Amino acid sequence: MATDPSEYEKAMPIVAAHLAKIERAVDRTRASHSGHPYIEVHQALVEALEDEGAQRVVPQVVEELAQQISDTPAP
């Protein structure tokens, strides 16, 4: 099944905008919660993603990012 290249070109700006929202949320959470306990970081990251309108992120990705920001193991 071939994909029309124009569909890719149409989708890329949408994907790029969504990734930019995620990046802003991660940067904001890292700046304010770096080194804090995992639970606190996870909650702050979820809230930041919601604020950016980027709630549709795979839960495992959110967990991994929160763990990296907190630098402590997840419970």
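First things first, this report covers the structure right here in the doc. (Residues numbered from 1 in each chain as written. Predicted model: local features only at pLDDT ≥ 70, side-chain atom pairs only at ≥ 80, totals over all residues. Heavy atoms only, no water.)

A short note on the pattern of salt bridges
With the rule as written, the count across this model stands at four salt bridges. Close ionic contact of Lys-10 with Glu-7 constitutes a salt bridge, the shortest N to O distance being 3.5 Å. Placement of both Lys-10 and Glu-7 in helix 1 (residues 5–33) is noted, with a separation of three residues, approximately one turn of the helix. By relative accessible area, which is 54% here, Lys-10 ends up exposed. A salt bridge links Asp-51 to Arg-28; the nearest nitrogen and oxygen atoms lie 3.1 Å apart. (Salt bridge = Lys/Arg side-chain N within 4 Å of Asp/Glu carboxyl O. Helix = DSSP H or I, 4+ residues; strand = E, 2+ residues; numbered from the N terminus. Buried < 20%, exposed > 50% of the residue type's maximum accessible area, 1.4 Å probe, protein only.)

Here we look at helix 1
At 3.6 residues per turn, the α-helix brings residues three or four places apart onto the same side. The terminal C-alpha atoms of helix 1 lie 41 Å apart, and with 29 residues this matches the ideal 42 Å at 1.5 Å per residue to within 8%. Remark: the principal bend of helix 1, roughly 30°, maps to Ala-11, with a proline, Pro-13, within the next four residues. Among the residues of helix 1, those classed as buried are Ile-22, Ala-25, Val-26, Thr-29 and His-33. On the buried face of helix 1, the contacting elements are helix 2 (38–52) and helix 3 (59–70). (Expected span 1.5 Å × (residues − 1). Bend = angle between axes of the 7 residues up to and from the residue. Contact = heavy atoms within 4.5 Å.)

Considerations on helix 3
Over its 12 residues, helix 3 extends 16 Å from the first C-alpha to the last, a length consistent with the 16 Å expected when each residue adds 1.5 Å. Regarding helix 3, the residues found buried are Val-62, Leu-65, Ala-66, Ile-69 and Ser-70. Looking straight down helix 3, one finds its buried side chains confined to an arc of 125°; they lie on one side. Lining the buried residues of helix 3 we find helix 1 and helix 2. Directly beyond the C-terminal end of helix 3, a positive phi value near 60° is found at Asp-71. (Arc of directions from axis to C-beta.)

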